[in-house]
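# Observations on the model geometry
Chain by chain, the residues run as shown.
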Amino acid sequence: MAPSAKELGKKIIGYPEHIVPVVTIKDWVSQFNKDPIQQAINYVVGLFPIIGWISRYNLGWLTGDVIAGLTVGIVLVPQGMSYAQIATLPVQYGLYSSFVGVLIYCFFATSKDVSIGPVAVMSLTVSQIIAHVDDAHPGKWESPEIATTVAFICGFIVLGIGLLRLGWLVEFIPAPAVSGFMTGSAINIAAGQVPGLMGITGFNTRAATYLVIIDTLKGLPITTRDAAFGLTGLFALYAIRILCDLFSKRYPRRARVFFFISVFRNAFVIVILTIASWLYTRHRGGTKGKFPIKILGTVPAGLQHVGQPTIDPELVSALAGELPVATIILLLEHIAISKSFGRINNYKINPNQELIAIGVTNTIGSCFGAYPATGSFSRSALKSKSGVRTPAAGILSAIVVIVALYGLTPAFFWIPNAGLSAVIIHAVADLVASPQQVYSYWRVSPLEFLIWAAAVLVTVFSTIEIGVYVSVCVSLALLLIRVAHPRGYFLGKATIRIDAPGSKNQRDIFVPLVRDGITNPDIKVMPPAPGVIVYRFEESYLYPNSSIVNSVLVDYVKANMRRGKDMSNVKLSDRPWNDPGPRQADAAYEQERNASLPDIHAVVLDFSTVSHIDTTATQALIDTRNEIERWADHPVEFYFASILSPWIRRALVAGGFGVGTSSSRAPHEIAAVVPYRDGLGDRQLSDLRQNVREQNDDSDIEKRFSTSAQGKNSVTSFEIGTGYAPLLPVDTPFFHLDLESAVRAAESGLEFRT
């Protein structure tokens with residue numbers, strides 16, 4: 001009879017005749033399809049975390065938020081203006097970014113501590129983007145228009161990443177890489193601000209750091225009167241900070257007072273320098289308005305650029321190449337800060353929601369003329385120490401900024417530029433990694449210390465853009481190398497006992513046959529029974545490392561196991577081209593050596609650290625089995641221990657592993673079933689189990705189990721009859737729950753074979 005179309009199709013695709021139940025795509029889809037309507041509602045509600053806590057807002061929270069919000073706002077005003085100078089923008093744009101950042105973020109935040117606004121590294125990046133566009137298209141676009149476009153595009157990109165729940169991409173960049181380019185950027189920024197602090201001009205302060213330092217040293221003889229304001233301000237900032245720390249330790253009861261004195265040092269120093277600048281320059285401006293020191297000059301009051309942003313497609317094309325680094329800095333710095341304060345203050349942030357928050361903040365900020373804003377470490381630390389209770393503190397900070405924009409701009413006219421440079425240098429100094437932190441990188445992972453050092457050096461000697469790319473690329477390269485070159489060990493047994501008086505408890509554990517730097521090298525390790533090898537993976541089994549694992553296993557077998565076919569007497573013409581065989585003089589020795597080696601019977605693979613396996617790795621495992629069996633000249637059994645995922649089981653079954661008839665004579669592993677099977681209560685099932693134990697010995701239970709494996713529904717009947725069931729499906733006898741049972745099964749099969 002001709003086969004049906006269905007049978008023919010199965011034959012064409014190689015559909016197995018004996019079906020082993022495995023996990024299916026339907027099982028995977030079902031976990032996402034339980035209640036799609038509720039999931040959609042939860043997704044939309046999750047976009048506004050404020051809904052979860054605003055209804056519980058109380059007076060106690062309000063007190064902490066008012067103090068923290070006002071404190072951050074007072075610090076934010078001088079910092080925002082200072083950072084705008086780094087970005088080569090008028091100072092009011094720093095205030096625009098400050099206002100929108102702290103106001104919008106609180107509605108979308110999952111962190112109560114993070115303060116959004118202008119930051120040093122992002123400001124430096126914006127200045128470099130502006131310079132890049134202006135060099136390519138001189139005078140075509142104003143600096144604020146370029147900065148606003150960057151805010152809109154980067155904000156939209158980050159918003160999309162958050163909405164698509166792709167925040168896990170940030171995890172590919174490790175902490176040393178982030179610290180490295182942050183340290184390099186801080187050095188870059190500080191070096192660029194020193195000329196402004198000293199009043200030195202005549203060279204590009206945004207060139208490579210080492211060039212700026214050299215030019216600054218050359219310009220020291222032409223230092224101007226600005227240095228009197230800049231150096232005094234910088235000295236005062238550090239003096240107040242150090243003295244407040246000392247007095248807080250000496251007078252702990254007044255620690256709170258000294259804390260707020262230290263917090264307000266930026267505003268205090270700027271106010272004093274502004275008064276001094278006004279007293280010194282108000283009668284020295286002349287008819288042309290040229291003052292003896294550099295001051296801010298006129299700062300427009302209010303929000304002057306509210307409206308729909310103008311996004312020029314040609315401008316977007318001109319800065320497209322600079323957008324990746326700006327986006328990376330925007331999201332990376334913020335996520336690192338929010339996670340850090342979440343750990344410190346014992347709450348969990350949602351990275352995807354945080355990306356949505358800064359995405360919305362920057363997208364809306366472009367409607368106010370703001371340039372890119374992200375999380376600030378110094379202001380976030382200040383906010384946390386001030387006792388903030390909820391993200392609503394940002395509203396108070398926004399009020400402070402808007403009051404400054406509408407009421408204090410006439411006073412801003414007299415602020416000396418050197419004073420703002422002092423504020424910047426003082427702020428970015430905290431971004432430099434401490435010696436203790438750098439040494440911890442070396443202690444934990446010398447390779448990651450090298451990543452940190454490379455990021456710092458590249459940023460200092462080139463640009464922040466190249467520093468970011470180098471740190472990211474080197475980190476990803478290290479990750480790929482670790483995946484592609486995993487460690488693995490061949491294992492042996494060691495017998496241990498509990499070191500307690502009168503204790504006789506002993507058990508076998510499996511440890512590497514060679515020294516691994518962890519276990520005591522004096523411990524006696526016994527290899528498995530002759531003919532059995534045990535190998536432990538230490539990485540997921542994927543296509544980058546599959547060929548290496550294949551080589552390790554095959555080479556070990558060829559070096560330590562007997563070759564099934566004696567090749568010493570095979571003629572040269574009958575040999576494979578890549579197997580010259582032993583020399584004539586060594587033939588007898590090789591034959592004797594081969595005969596002394598054990599005949600391989602089983603390979604036990606410990607999958608306890610394998611979380612994924614792919615098609616290439618499965619095929620490599622098939623090739624490994626084929627090569628080993630060709631060497632042994634007979635079938636070799638493969639046992640698997642501690643399979644972590646049903647998808648790994650599915651892949652192995654598809655590769656022909658786990659199924660078939662095992663030569664093992666080890667007892668099957670069984671365990672008690674769920675207490676409420678077939679309506680049996682706890683007490684009834686307990687009585688049933690006791691009766692089974694009294695009426696049946698272990699051999700009888702094993703017999704009933706073996707008999708049950710003959711039918712499809714027999715396992716269920718076994719459960720009902722005895723209260724016990726197999727831990728793993730009986731149709732995959734080569735899969736075992738732990739390594740000990742897998743090795744026991746392999747060795748018992750060897751005993752039966754011999």
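First, a word on what this report is: a plain description of the structure on this page. This is a predicted model, so every value here is computed, not measured. (Residues numbered from 1 in each chain as written. Predicted model: local features only at pLDDT ≥ 70, side-chain atom pairs only at ≥ 80, totals over all residues. Heavy atoms only, no water.)

## Things to note about unusual backbone geometry
- Its identity is not glycine, yet Asn346 carries a phi of approximately 65 degrees, on the positive side.
- Locating Asn346 in the fold gives a position in the loop between helix H15 (323-344) and helix H16 (351-365).
- Here Asp633, not a glycine, exhibits a phi torsion of approximately 65 degrees, which is positive.
- With respect to the element layout, Asp633 can be found in the loop between helix H26 (615-632) and strand E7 (637-641).
- Residue classification places Asp633 among the exposed positions, given a relative accessible area of 52%. (Helix = DSSP H or I, 4+ residues; strand = E, 2+ residues; numbered from the N terminus. Buried < 20%, exposed > 50% of the residue type's maximum accessible area, 1.4 Å probe, protein only.)

## Focus: the environment of Ile240
- Along the polypeptide, Ile240 turns up in helix H11 (residues 226-250).
- In this structure Ile240 comes out as buried when scored by relative accessible area, which is 17%.
- C-alpha separation for the pair Ile240 and Ile261, spaced 21 residues apart in sequence, amounts to 8.0 Å.
- In this structure Ile240 touches Ile261, Ser262, Arg265, Phe268 and Val269, once residues within four positions along its chain are discounted. (Contact = heavy atoms within 4.5 Å.)

## Notes on H26
- Here H26 is 18 residues long and its end C-alpha atoms lie 26 Å apart, about the 26 Å a rise of 1.5 Å per residue gives.
- Where H26 is concerned, the buried positions are Ala617, Thr618, Ala620, Leu621, Ile622, Thr624, Arg625, Ile628, Trp631 and Ala632.
- Against helix H24 (546-560), strand E6 (602-606), E7 and helix H27 (646-654) lie the buried residues of H26.
- Two or three places before Thr616, at the opening of H26, Asp614 has a side-chain oxygen 3.4 Å from that residue's backbone nitrogen.
- Of the residues one or two after H26, Asp633 is the one with positive phi, at around 65 degrees. (Expected span 1.5 Å × (residues − 1). Polar contact = N/O pair within 3.5 Å; in protein donor to acceptor, adjacent residues only side chain to side chain.)

## Quick notes on the sheet that holds E6
- The strand order across the open sheet formed by 6 strands is E4-E3-E5-E6-E7-E10, and the pairing between neighbours is mixed. At either margin of the open sheet sits one strand with a lone partner, and together these are strand E4 (506-512) and strand E10 (735-736).
- Here strand E3 (residues 488-497) pairs with strand E5 (residues 532-537) via 3 bridges, running antiparallel. From the neighbouring strand, Tyr489 faces E5, where its bridge partner is Arg536. (Pairing = 2+ DSSP bridges.)

## What about the pairing of E6?
- Summarising burial for E6: 5 of the 5 residues are buried, a large majority.
- Here E6 shows two buried faces, one formed by Ala602, Val604 and Asp606 and the other by Val603 and Leu605.
- Taken together, the 5 bridges between E5 and E6 define a ladder with parallel strand orientation. Paired with Tyr535 across the strands is Leu605, a residue of E6.
- Pairing geometry for E6 and E7, over 5 bridges, is parallel.

## Regarding the pattern of salt bridges
- Counted by the stated rule, this structure contains 8 salt bridges.
- Between Glu314 and Lys140 there is a salt bridge, with its nearest N and O atoms 2.3 Å apart. One end of the pair, Glu314, is in helix H14 (residues 313-319); the other, Lys140, is in the loop between helix H7 (120-136) and helix H8 (143-163), and 174 residues separate them in sequence.
- Given a relative accessible area of 41%, Lys140 falls into the partly exposed group. (Salt bridge = Lys/Arg side-chain N within 4 Å of Asp/Glu carboxyl O.)

## Considering the packing of helix H9 (residues 175-198) against helix H10 (residues 209-218)
- Put simply, H9 and H10 touch, their axes get as near as 9 Å, and they point 25 degrees apart. Classified by the interaxial angle, the pair formed by H9 and H10 is roughly parallel. Here H9 runs over H10; the crossing is left-handed. Along its contact with H9, which presents Ile187, Asn188, Ala191, Gly192, Val194 and Pro195, the element H10 presents Thr209, Val212, Ile213 and Thr216. (Axes fitted to C-alpha atoms, helices over the stretch in contact; angles between N-to-C directions. Parallel < 35°, antiparallel > 145°, perpendicular 65-115°, else oblique. Left-handed = near helix turned anticlockwise from the far one by under 90°.)

## Quick look at the packing of helix H5 (residues 59-86) against helix H13 (residues 265-281)
- One can describe the packing of H5 onto H13 by two numbers: an axis separation of 8 Å at closest approach and a directional angle of 55 degrees. Classed by the angle they form, the pair H5 and H13 counts as oblique. As for the relative orientation of H5 and H13, their crossing is left-handed in sense. Taking contact as the criterion, the partners of Ile74, Val75, Pro78 and Gln79 in H5 are, on H13, Asn266, Ala267 and Ile270.
- Here the residues of the contact of H5 with H13 are counted per class, giving 5 nonpolar, 2 polar and no charged. (Nonpolar A, V, L, I, M, F, W, Y, C, P; charged D, E, K, R; others polar.)

## Some words on a nonpolar patch on the surface
- Where nonpolar side chains cluster on the molecular surface, the patch consists of Phe268, Val271, Ile272, Ile275, Trp278 and Leu279 and spans about 560 Å² of accessible area.
- With respect to the helices, strands and loops of the structure, Ile275 is situated in helix H13. (Patch = residues over 30% accessible without salt bridge, like charges linked within 9 Å, V, L, I, M, F, W, Y side chains within 5 Å. Areas by Shrake-Rupley, 256 points an atom, 1.4 Å probe, with all protein chains shown as cover.)

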